[in-house]
Amino acid sequence: MRKVLSLVLVLALVLSSFSMAFAAETTASAGLSDIDSSANGQAIEVANNLGIVTGNPDGTFQPEKAVTRAEFAAMITRALGIPDSALAGYTSTSFKDTDGYGWAVPYLAFCQSKGIMLGDGAGNAMPGKTINTNEAATMILRGLGYSANSSALIGVWPSNYVSMAQDLGIYDDTASATNVDKQNAAQMIYNALSVQKVQVAADGTTTRLVDANNAAVTMLTSGLNCDDNGYGIVSYDADAVISTVGHVGEYAKTYDNADGDIISVDDVKSTAIVGTFVDKVTIGTLDTADEFTTDNGDTTYTIDANNYLNKNTDTRTAANTFGQFVNGAAKTITFADGKDYTFNVGLSNKSVQDLYSVEEWTVDAGAKVVAGDLNSIADGSLLGYDFATDKNDNIIAKSFELVGVASLDDIKADSVVYVYSDSVRDEISKVSVGTEVVEGTVTKVNATDSEWTVGGKVYAFGLNGSNGSSSYKNELNNDVKMYLDADGDIYKYDVTSGSAKDYASIVTYDVGGTADGNMKLYLADDSKKTYATDIDSFARFEALVDNVVFPAAGDDTADFGSRLIGYSLNSDGEIDGTYPAVSTTGTVTWGDNAADGWYTAGVTTAIMPSNTVLKVMSPLAGGPAVNLVVDPDAVVFTYETPAAVPVVTGISKVADIEKDATATLTGTVEALVRDGEVVALIVSEADCTGSSTDSYAVVSGTSQAVNSAGDKALVLEGMIDGKKIADDSVYTSGTGTVAGAIVSGVGSGYETVNLYKLKYNDDNNISSMTQQLAPVLGAAGGAGTVVTANGYTSDGYIKTGANGATLTAVADNAVFYEVVFETPTSNTSGVDEYKAFNGTIYAGMEVWAYDTDSDTDGADIIIISKNGIATYSTPTVTLGTAATITTASAVGTQICTLAYTGTGATVTVTDTAAVAGFTAAVSGSAIVVTSAATAAGTETVTVTVTDANSNTAVDTITLVIN
């Protein structure tokens, strides 16, 4: 039992302190009414069931009451199974201070006679003194046989007994107080019940005791009449004295009390590991090469159900005979790829040696609970599922597992509760409770929006990745309040305040001609969002964004794609103001005199000589050129495809825009000026190429984060210029930068092999990312070239084809990468990662080769897929000496056997067929040449050995026929 209590700390599905007691609950023992809140409730319950501790006449136990030395002597005597009849002879003791403790004399005398209690050395037992933890541990060990002369005890008292008690777990789950109260006394004895007894010889030799069946002798088996059931997989047992729900699936030893009910689960041999299942052969069972990876991703285990020992039958022959439990019920599991399970296994150096059981836990109901949910507990239910109750309708504590809190009373409003139901008994088998609430700013979001970083810590979304029962969205750079489940994952969240900048490009606006229409904006955080508005004149707003910005465009709401706007929100999240302002009277005119407002320029009429100046020509007839001051932190929206009214698709930075004092920008430009400075721009993505030397990257994925400028951006995952990208070290200047590269490229972005050309802006963030479309070998976004002969050699070539024909040259300083696909042999399964490659290119691998410069020294970047090929063999073949076949007047058939040696998968023989009637073929380990020739001549025999990777070795021999 001690070992159960300590080992449970490492299990993924833990039973909090083994204390599952609540105000409305009952215990299995005879009505101890006040142990529900004790952390040692199970130990008290077991000790009470075995008669070691007793309650008071009023049904209480008083767990915090101090224990005297006389009371502890009584507990030890009972734990050793000494019946009252055996105590009849212990009517007196040599202790001098037993007056007033007549009830305790038999116990004191027994303990004195067995050397369990020695007193103070002056003849005093001190029966009324509160016993301390060291004294209690000493008496327990003496009861187990550890006398003072035991060679197992090192040092002097009390350190010798204290050290041994610590090693045996006697102190486990006890309070750190110096003196012992009743609950800790019960716990210490409980911890000792399954500890093996010893016998100490006169010379101190200490021997562990076993019975006739070579089983350990313990207090349970030697005095308390409990049966050792041996080892097996634990299932739920409603009649057990202890709660078995926390042990379901474990491989452990169990003990029954005299009534045949489980009293102890001890010496757990299995280790519980929570992992994600990878189904290599999708048939819903565990099969050869199936795997699971631990939640922290540190270790991947292979699980072959055919090869692991089924401890219930001690055989290794039957597949899928291991224990299987669904929400605690013994049921067959249909395994699903990518789902989490708890594997109870035997480990040796992180290798799975034995598979004992697999547990599947599926949430039947989850909620951020409210007061009404809490009220239902008093009626024996939670979230629509029922607890097991006794005849008095009290919840039976041992019928379910509680995770995250010590008591149902600890569940409060806003706690995140998951309920798991055992479908066989139609009762709740587990309740998981999360009480933590985290508030902060979302500073990073991964590529799938399934993980957020808040306060420097990464949080995943629990319960199917939903925001409670609602969908969630990207809240990067927003302040949130997150409600966490018992695993620390996000169950639900609220946005407490947004921090998106107040400039946007208009996507659409309601065209109904009515007030309070909806406006869809492309925001500065690279997202789109629709807002309700309380603008009271649709017509004026339409005139503002349509007729003023592009006077020639007419009244057309379909061309809002390049309209810049400043906006503000009211407390209801509605747009209540715009910039330039929409008023109930008057009009807004073109700002052609450096006044606040909009400025647009045609395809060839905008110049940006520096980060702080933008020169535009007014589209109005005769309008002057205007030099605008640019705020270096202005929001830059970008578009990909030139059009009269281009549509915004991404975000960039002022520093990303290429600067030239004379050359015009390539596309249409729009600027929004406020307080004399440009605060927002729309430019072509082609004009945002950055300013530094080109780099080249292979990218396996991205996550979203906030870059050094405080803007939403992407963090690249992969390798750049031969080096692995360190976490959070390479940012883009906006989330649209990379997205555009994928859209304009070939294939499906990071899920296929692609090479990207990078440029950086002044902040060292990536400002431009262009997919390289023309590899020398392989197809961008497609399959690589399959190498058919061992390939990368010292002469700087990748070789393929028969006998290693040259395919392409490789530069001396070429960078080599290995691409690892989600399925190693399938380049359509998605890219898992890139890593450095410095091995040999074997036949059967795939190759992508890119020449990224204008020299002629060969490919500069090589990407290799091992395609399941890990090794190669070099075939060899050697023929024997030349032979002469003599033909005499065409009489008979001549046979010549040629010896050869060779290694390889297949052997083929060909001949020149110059002489009629001549053949050559493989026969065992020789080449047999047969001739029925009628004329003289010569024959050339060629022997070819080919290995599994299509590498070949060839030898020839010429035969002369007389």
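Residues numbered from 1 in each chain as written. Predicted model: local features only at pLDDT ≥ 70, side-chain atom pairs only at ≥ 80, totals over all residues. Heavy atoms only, no water.

**Quick look at the overall build of the protein**
- Along its length, the protein carries twelve helices and 56 strands.
- Counting all 962 residues of the protein, 50% fall into the buried class.
- Intrachain contacts of the protein at a sequence separation of at least 6 include 59% that bridge at least 24 residues.
- Counting every atom, the protein has about 40,700 Å² of accessible surface; 48% of that belongs to carbon and sulfur. (Helix = DSSP H or I, 4+ residues; strand = E, 2+ residues; numbered from the N terminus. Buried < 20%, exposed > 50% of the residue type's maximum accessible area, 1.4 Å probe, protein only. Contact = heavy atoms within 4.5 Å. Areas by Shrake-Rupley, 256 points an atom, 1.4 Å probe, with all protein chains shown as cover.)

**Some points on the nonpolar core**
- Leu 50, Ile 52, Phe 72, Ile 140, Ile 189 and Leu 193 are the most contacted members of the largest nonpolar core, which has 70 residues in total.
- Setting aside anything within four residues of it in sequence, one finds Phe 72 in contact with Val 67, Ile 131, Ala 136, Met 139, Ile 140, Ala 185 and Ile 189.
- Cys 896, Val 915, Val 929 and Val 941 belong to the second largest nonpolar core, which has 20 residues in total. (Core = buried A, V, L, I, M, F, W, Y, C linked by side-chain atoms within 4.5 Å.)

**A short note on the sheet that holds strand β6 (residues 262–266)**
- Taken together, the three strands give an open sheet; going across it, the order is β4-β5-β6, and neighbouring strands pair in antiparallel fashion. Two strands lie at the open edges of the sheet, namely β4 (227–233) and β6, each paired on one side alone. Taking the axes of each pair of neighbouring strands and ignoring which way they run, one obtains an average angle of 25° across the sheet.
- Taken together, the four bridges between strand β5 (residues 251–256) and β6 define a ladder with antiparallel strand orientation. Note on β6: the bridge partner recorded for Asp 256 is Ile 262. (Pairing = 2+ DSSP bridges. Axes fitted to C-alpha atoms, helices over the stretch in contact; angles between N-to-C directions.)

**Looking at helix α7 (residues 159–168)**
- The complete set of buried residues in α7 reads Asn 160, Tyr 161, Val 162, Met 164, Ala 165 and Leu 168.
- Taken from the residues just after α7, Gly 169 is the one with a positive phi, measuring 80°.

**Some remarks on the packing of aromatic side chains**
- What the rule picks out here adds up to 18 aromatic pairs.
- Ring plane angle 85° and centroid distance 5.6 Å describe the contact between Tyr 90 and Phe 110, whose orientation is recorded as edge-to-face. Within this pair, whereas Tyr 90 is found in the loop between α4 (84–87) and α5 (105–113), its partner Phe 110 is found in helix α5, the two being separated by 20 residues in sequence.
- With 6.4 Å between their ring centres and 85° between their planes, Tyr 522 and Phe 637 make a pair best called edge-to-face. Of the two residues, Tyr 522 is situated in strand β27 (residues 518–523) and Phe 637 in strand β34 (residues 625–639); the sequence distance between them amounts to 115 residues. Per residue, the accessibility class of Tyr 522 equals that of Phe 637, and both read buried. (Phe/Tyr/Trp six-rings, centres within 6.5 Å; stacked < 30°, edge-to-face > 60°.)

**Here we look at unusual backbone geometry**
- Across the junction of Trp 157 and Pro 158, the peptide omega takes the value 5°, indicating a cis bond.
- As for its position among the elements, Pro 158 is in the loop between α6 (133–143) and α7.
- The backbone phi angle of Asn 327 is positive, close to 50°, even though this residue is not glycine.
- Using a relative accessible area of 4% as the deciding quantity, one classes Asn 327 as buried.

**Re the environment of Trp 848**
- With respect to the helices, strands and loops of the structure, Trp 848 is situated in strand β47 (residues 846–850).
- On a C-alpha basis, the gap between Trp 848 and Gly 782 in space is 9.6 Å, while along the polypeptide they are 66 residues apart.

**Considering the pattern of salt bridges**
- Evaluation of the coordinates by the stated rule reveals nine salt bridges.
- Salt-bridge contacts for Glu 135 lead to Arg 69; the nearest nitrogen and oxygen are separated by 3.7 Å. In this pair, Glu 135 is assigned in helix α6 and Arg 69 in helix α3 (residues 69–79), connecting sequence segments 66 residues apart. For the residue pair Glu 135 and Arg 69, the accessibility class agrees, reading buried in each case.
- The salt bridge partner of Lys 866 is Glu 818, with a shortest N-O separation of 3.7 Å. Remark: Glu 818 occurs in strand β45 (residues 805–823) and Lys 866 occurs in the loop between β48 (859–865) and β49 (876–879); sequence separation between them is 48 residues. (Salt bridge = Lys/Arg side-chain N within 4 Å of Asp/Glu carboxyl O.)

**A look at the packing of α3 against α5**
- Relative to each other, α3 and α5 sit at 70°, their axes nearing to 9 Å. Classified by the angle their axes make, α3 and α5 are roughly perpendicular. The way α3 lies across α5 gives a crossing that is left-handed. Across the interface between the two elements, Ala 70, Ala 73, Ala 74, Thr 77 and Arg 78 of α3 pack against Tyr 107, Leu 108, Phe 110 and Cys 111 of α5.
- For the contact of α3 with α5, a count of residues per class yields seven nonpolar, one polar and one charged. (Parallel < 35°, antiparallel > 145°, perpendicular 65-115°, else oblique. Left-handed = near helix turned anticlockwise from the far one by under 90°. Nonpolar A, V, L, I, M, F, W, Y, C, P; charged D, E, K, R; others polar.)

**Notes on the packing of α3 against α6**
- At their nearest, the axes of α3 and α6 sit 11 Å apart, and the two run at 30° to each other. Judged by the inter-axis angle, α3 sits roughly parallel to α6. Our pair here, α3 against α6, has a crossing hand that is right-handed. Residues Arg 69, Phe 72, Ala 73 and Ile 76 of α3 pack against Glu 135, Ala 136, Met 139 and Ile 140 of α6.
- Here the contact of α3 with α6 is built from residues that sort into six nonpolar, no polar and two charged.

**Quick notes on helix α2 (residues 41–49)**
- Within α2, eight of the nine residues are buried, which leaves it mostly tucked inside the rest of the structure.
- The set of residues buried in α2 consists of Gly 41, Gln 42, Ala 43, Ile 44, Glu 45, Val 46, Ala 47 and Asn 48.
- Structurally, α2 contributes buried residues whose contacts are with α8 (182–192) and β6.
- Taken from the residues just after α2, Gly 51 is the one with a positive phi, measuring 80°.

**Regarding the environment of Ile 720**
- Turning to its location among the elements, Ile 720 is positioned in strand β39 (residues 712–720).
- C-alpha of Ile 720 to C-alpha of Leu 758: the two residues are 38 residues apart in sequence and 9.2 Å apart in space.

**A closer look at the sheet that holds strand β51 (residues 894–903)**
- Strands sit in the order β49-β51-β54-β53 across an open sheet of four strands; the sheet is antiparallel. Pairing within the sheet leaves two strands with one partner each, and these edge strands are β49 and β53 (918–923). The average angle at which neighbouring strand axes cross in this sheet is 25°, direction not considered.
- In the sheet, β51 pairs with strand β54 (residues 926–931) via six bridges, with the strands oriented antiparallel. For Thr 897, the partnering residue across the bridge sits in β54 and is Val 928.

**Considering the side chain of Lys 253**
- Take Lys 253: it is sitting in strand β5.
- Residue Lys 253 is classed as buried on the basis of its relative accessible area of 10%.
- Here the side chain of Lys 253 touches Asp 228 through a polar contact of 3.3 Å, side chain to side chain.
- Lys 253 has contacts with Asp 228, Gly 230, Tyr 231, Ser 264, Val 265, Asp 266 and Asp 267, leaving out every residue within four places of it along the chain. (Polar contact = N/O pair within 3.5 Å; in protein donor to acceptor, adjacent residues only side chain to side chain.)

**Topic: the confidence of the model for the protein**
- For the protein, per-residue confidence averages 78 on the pLDDT scale, and residues scoring 70 or more make up 75% of the total.
- Low pLDDT (under 50) marks residues 309–319, which in the prediction has 21 contacts with non-local residues, meaning those over four places away or in another chain.
- Within the model, pLDDT remains below 50 along residues 546–561, and this stretch shows 48 contacts once partners closer than five positions in the same chain are excluded. (pLDDT = per-residue confidence, 0-100.)

**Some words on the environment of Val 669**
- The residue Val 669 is located in strand β36 (residues 669–674) in this model.
- By relative accessible area, Val 669 is classed as buried at 1%.
- Placed 62 residues apart in sequence, Val 669 and Ile 607 show a C-alpha to C-alpha distance of 9.6 Å.

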